[in-house]
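The lines below spell out each chain.
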Amino acid sequence: MSFLDKVSDYFSNDIAIDLGTANTLVFAKGRGIILDEPSVVAVQKGARGNKVLAVGKEAKDMLGRTPGSIYAIRPIKDGVIADFEVTSSMLKYFISKSTGQKKSFIRPRIIICVPYGITQVEKRAVKESAHSAGAREVYLVEEPMAAAVGAGLPITEPTGSMVVDMGGGTTGVAVISLGGIVYCKSIKVAGDKFDEAIAHYVRRQFNLLIGERTAENIKIQIGNAYPFEEERSMEIKGRDLVAGAPKTIEITSSQVNDALMDPLSEVVDAVRTALEKTPPELASDIVDNGIVLTGGGALLANLDILLRERTGLPVTIAEDPLSCVVIGSGRMLDNMDLLKQLAVD
Ligand code: ADP
Ligand code: MG
């Protein structure tokens, strides 16, 4: 890094934001990741509209534990912005928390990664929120593109790269070449649907009611997309639907595999469709280069094995899948040419 770059980083307050359905991460120019919090807002509903009580970690702890008039909301749950006002408050909170860490007399340039395929109206709302939070310039980059950059794929080369970015609300399957998205399909099947499928299975098989967080915990502990060589199991607590009392049961990894079968096959189908719709030259590049998995969903055990088996292609998991998007967009803070090429209107 040259002396001038160091000086410009010193005065810069530029940030890149991964506005994910599950987690929001912020990368500060010259510093790296400075914020990583759940995309959750706790809102109190009242006669005079909604009042934001907490954002991020603090709000997530309230999920499922709130009294009547308080709601913990995930404003971009399914990859669409369901609630503009709440999304805007959340974004402003994260921006001021990030840029407020450092005094700077220059207003920041802000890159925001948005789910692929959000509407023009949603994009405008995101941009306006960032401007009103003090941004000097706002650039929007689509998540699959940022994920591919963060995973180190050669996106500007004339070769096809495929990235499967599995987050909380959506899985994006994208084929990228020469700095452009050649094909992308986003499906609303990702981590949240896995959690729901596990909760549903537990209710059906054991007559046991469990919450979202317990289901997610099961997924993280013993979830798998392809059976483990050795069976694993864990104890879970919930409410017995018949007796109405708390009960503890044991669930095994192959049961969780059963539970995840349906949503997993939707993901496999989306990848297969992408391969079918990719122009032949690029498809043959992908046969050589393989598929790269990013997003928290990439951490589901043996997802790579499942996809390898069902597509016959090499599959790799990106290093630090949860941070690929923010790292990719963070890299664009240092490369204006790349940013201008990749940003969308
Ligand atoms: P988004 O980009 O939508 O905010 P993330 O990329 O942050 O989503 O991924 C969040 C999802 O990853 C959640 O559904 C979470 O349960 C899942 N996840 C995180 N760690 C693991 C793990 N070890 N195994 C399986 N899923 C995981
Ligand atoms: Mg994401």
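Residues numbered from 1 in each chain as written. Chains lettered and ligands numbered in written order. Predicted model: local features only at pLDDT ≥ 70, side-chain atom pairs only at ≥ 80, totals over all residues. Heavy atoms only, no water.

Caption draft 1: Expanded view of the overall build of the protein. Broken down by element type, the protein carries 12 helices and 16 strands. A compact globule built from 345 residues would reach a C-alpha radius of gyration of about 20 Å, and the protein, at 21 Å, matches this within 12%. Here the C-alpha coordinates of the protein stretch approximately 65 × 60 × 35 Å along the principal axes. For the protein, with 345 residues in total, the buried portion stands at 52%. Relative to all contacts within the protein whose residues are 6 or more apart in sequence, the contacts with residues 24 or more apart total 62%. (Helix = DSSP H or I, 4+ residues; strand = E, 2+ residues; numbered from the N terminus. Rg over C-alpha atoms; globule rule 2.2 N^0.38 Å. Buried < 20%, exposed > 50% of the residue type's maximum accessible area, 1.4 Å probe, protein only. Contact = heavy atoms within 4.5 Å.)

Caption draft 2: Structural view of the sheet that holds strand E4 (residues 41-46). Across the sheet, which stays open at both edges, the three strands sit in the order E5-E4-E6 with antiparallel pairing between neighbours. Sheet topology places strand E5 (49-55) and strand E6 (70-73) at the edges, where each strand pairs with a single neighbour. Each strand axis lies, on average, 30 degrees off the axis of its neighbour in the sheet, ignoring direction. Summarising the sheet, E4 and E5 pair through six bridges and their orientation is antiparallel. Looking at the pairing, Ala42 lines up with Ala54 of E5. Contacting E4, E5 and E6, helix H3 (residues 84-99) crosses the sheet at an angle of about 35 degrees to E5. (Pairing = 2+ DSSP bridges. Axes fitted to C-alpha atoms, helices over the stretch in contact; angles between N-to-C directions.)

Caption draft 3: Region of interest: the pairing of strand E7 (residues 109-114). Of all six residues making up E7, six are buried, and the element is well covered by its neighbours. Pairing geometry for strand E1 (residues 15-19) and E7, over four bridges, is parallel. Considered in E7, the bridge of Ala16 is made with Ile111. With six bridges connecting them, E7 and strand E8 (residues 137-142) associate as parallel partners. Along E8, the bridge assignment pairs Ile111 with Tyr139. On the question of chirality, the crossover connecting E7 to the parallel E8 by way of helix H4 (residues 120-132) is right-handed. (Right-handed = clockwise from strand over helix to strand, strands pointing away.)

Caption draft 4: Looking closely at the site of ligand 1. If you check the shell around ligand 1, you find 16 residues, and the closest are Thr21, Ala22, Asn23, Glu216 and Lys219. Contact between ligand 1 and Thr21: an oxygen atom at 2.6 Å from a side-chain N or O atom of the residue. Between Ala22 and ligand 1, the recorded distance is 2.7 Å, taken from a backbone N or O atom to an oxygen atom. Isolated, ligand 1 exposes 580 Å² of accessible area, and the fraction of that covered by the protein chains is 89%. (Near = heavy atom within 4 Å. Polar contact = N/O pair within 3.5 Å; in protein donor to acceptor, adjacent residues only side chain to side chain. Areas by Shrake-Rupley, 256 points an atom, 1.4 Å probe, with all protein chains shown as cover.)

Caption draft 5: Quick peek at the sheet that holds strand E2 (residues 23-28). Read across the open sheet, the five strands follow the order E3-E2-E1-E7-E8; overall the sheet is mixed. Edge strands, defined here as strands with exactly one partner in the open sheet, are strand E3 (32-38) and E8. Going from strand to strand, the sheet's axes swing by 20 degrees on average, the running direction of each strand aside. Strand direction decides the pairing type here: E1 and E2, joined by five bridges, are antiparallel. Its bridge partner being in E2, Ile15 is matched across the sheet by Ala28.

Caption draft 6: Region of the structure containing the layout of surface pockets. Put simply, the largest pocket is a space of about 860 Å³. Lining the largest pocket are 42 residues; nearest its centre among them are Ala22, Asn23, Gly167, Gly168 and Glu216. Residue assignment for the lining of the largest pocket shows that the elements contributing at least two residues are E2, strand E9 (161-166), helix H6 (191-206), helix H7 (212-222) and helix H11 (324-333). Of all the elements, H7 adds the most residues to the lining of the largest pocket, at seven residues. In terms of residue class, the lining of the largest pocket is made up of 16 nonpolar, 13 polar and 13 charged. (1 Å grid on protein atoms, 1.4 Å probe; cavity = no way out; pocket = protein on both sides within 12 Å on 5 of 7 lines; lining within 4 Å. Points joined across faces, edges and corners; volume = space filled by probe spheres on them. Nonpolar A, V, L, I, M, F, W, Y, C, P; charged D, E, K, R; others polar.)

Caption draft 7: View of the side chain of Thr294. Relative to the assigned elements, Thr294 resides in strand E15 (residues 291-294). Only 2.8 Å separates the side chain of Thr294 from the side chain of Asp165, close enough to count as a polar contact. Thr294 has contacts with Ala147, Ala151, Val163, Val164, Asp165, Met166, Ala318, Pro321 and Cys324, leaving out every residue within four places of it along the chain.

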